[in-house]
Amino acid sequence: MVKVYKPGKVAIVLQGRQAGKKVVVIKQLDEGTKDRPYPHAIVAGIERYPRKVTRRMGAKKLATRSKVKPFIKVVNYSHLFPTRYQLDLESLKGSVTAETFKEPSQREDSKKAIKKQLEERYTAGKNRWFFTPLRF
C-alpha cells in the first residue's frame, strides 16, 4: 500500500471538533500502537487562522491580526483528507511525540513551539494556502 500521510503532508480533518481545519502530519503510525490499534497520525493544525491584513494597518494591529492558534492531535486516518500540498517542517518534528499527550504541561510547551514556527512561516509569506481557512 502507498503511504499517503508522510511527515509534512497537509491534510484536512473531516470529523470532530476541528472538522474542516487544515493540519500538517508530524508523525504517521500506519500499523497503530498498543493503546491505539488503528492507523493514525500525530498532526498539528490551525484552530484559529490569522485575519486579513492591509497596507494601511499599523505595526501593532498587524501583529495582533497575524496571530495563529495551533492545536496538536492524534487523528485516525479515516478522519483525514489528504491534499496535494506539502509543508517542510524540520523544526516541528522534534516538538511533538507520543509522550507529549500524556502530560498537559508538555502539551502546552509543544503548542507554544508550534505557534512560534507557524507565525514565522506566516509572516515570511511561505505556504500561503495553509494559512487561509476553507470556505464551504
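From a predicted model like this one, the values you see are computed outputs, not experimental measurements.

**So, the sheet that holds strand E5 (residues 80–86)**
Read across the sheet, 5 strands follow the order E4-E3-E2-E1-E5 without closing on themselves; strand pairing throughout is antiparallel. Edge positions in the open sheet fall to strand E4 (69–76) and E5, since each of these has one partner strand only. Within this sheet the neighbouring strands show an average axis-to-axis angle of 35 degrees, counted without direction. Sheet strands in contact with helix H2 (residues 104–124) are strand E2 (22–29), strand E3 (40–48) and E4, and its direction is about 115 degrees off that of E4.

**With respect to the pattern of salt bridges**
Under the defined criterion, the tally for this structure stands at 5 salt bridges. Here aspartate 88 and arginine 121 are joined by a salt bridge, their closest N and O atoms 2.5 Å apart. With a gap of 33 residues between them, aspartate 88 in the loop between E5 and H2 and arginine 121 in helix H2 connect regions that are remote in the sequence. Judged by its relative accessible area of 58%, aspartate 88 is exposed.

**Examining the packing of aromatic side chains**
Aromatic ring pairs: the centre-centre distance and the angle between the two ring planes describe each pair. Tallied over the entire structure, the rule returns 4 aromatic pairs. On the basis of an interplanar angle of 85 degrees and a centroid distance of 5.4 Å, the ring pair of phenylalanine 130 and phenylalanine 131 is categorised as edge-to-face. Phenylalanine 131 matches phenylalanine 130 in its accessibility class, with the two residues each being buried. One aromatic cluster is present, built from ring pairs that chain together Tyr122, Phe130 and Phe131.

**What about the nonpolar core?**
Among the nonpolar cores identified, the biggest contains 19 residues, and Val24, Ile46, Val96, Ile114, Leu118 and Phe130 are the most heavily contacted of them. Among the elements of the structure, E2, E3, E4 and H2 are those that each provide at least two residues to this core. It is E3 that contributes the most residues to this core, 3 residues altogether. Excluding residues that lie within four positions of it along the chain, valine 96 makes contacts with Ile26, Ile42, Ile72, Phe101, Ser110 and Ile114. In this structure, Val23, Ala41, Val75 and Tyr77 belong to the second largest nonpolar core, which totals 11 residues.

**Regarding the pairing of strand E1 (residues 9–13)**
Moving residue by residue along a regular strand, the side chains alternate between the two faces of the sheet. The buried count for E1 comes to 5 of 5 residues, which makes it a mostly enclosed element. Because side chains alternate across E1, one face comprises the buried residues Lys9, Ala11 and Val13, and the other comprises Val10 and Ile12, equally buried. Strand direction decides the pairing type here: E1 and E2, joined by 3 bridges, are antiparallel. The partner of valine 10 across the bridge, within E2, is valine 24.

Rules and cut-offs
- Residues numbered from 1 in each chain as written.
- Predicted model: local features only at pLDDT ≥ 70, side-chain atom pairs only at ≥ 80, totals over all residues.
- Heavy atoms only, no water.
- Pairing = 2+ DSSP bridges.
- Helix = DSSP H or I, 4+ residues; strand = E, 2+ residues; numbered from the N terminus.
- Axes fitted to C-alpha atoms, helices over the stretch in contact; angles between N-to-C directions.
- Contact = heavy atoms within 4.5 Å.
- Salt bridge = Lys/Arg side-chain N within 4 Å of Asp/Glu carboxyl O.
- Buried < 20%, exposed > 50% of the residue type's maximum accessible area, 1.4 Å probe, protein only.
- Phe/Tyr/Trp six-rings, centres within 6.5 Å; stacked < 30°, edge-to-face > 60°.
- Core = buried A, V, L, I, M, F, W, Y, C linked by side-chain atoms within 4.5 Å.

Read these as spatial facts, not as claims about activity.
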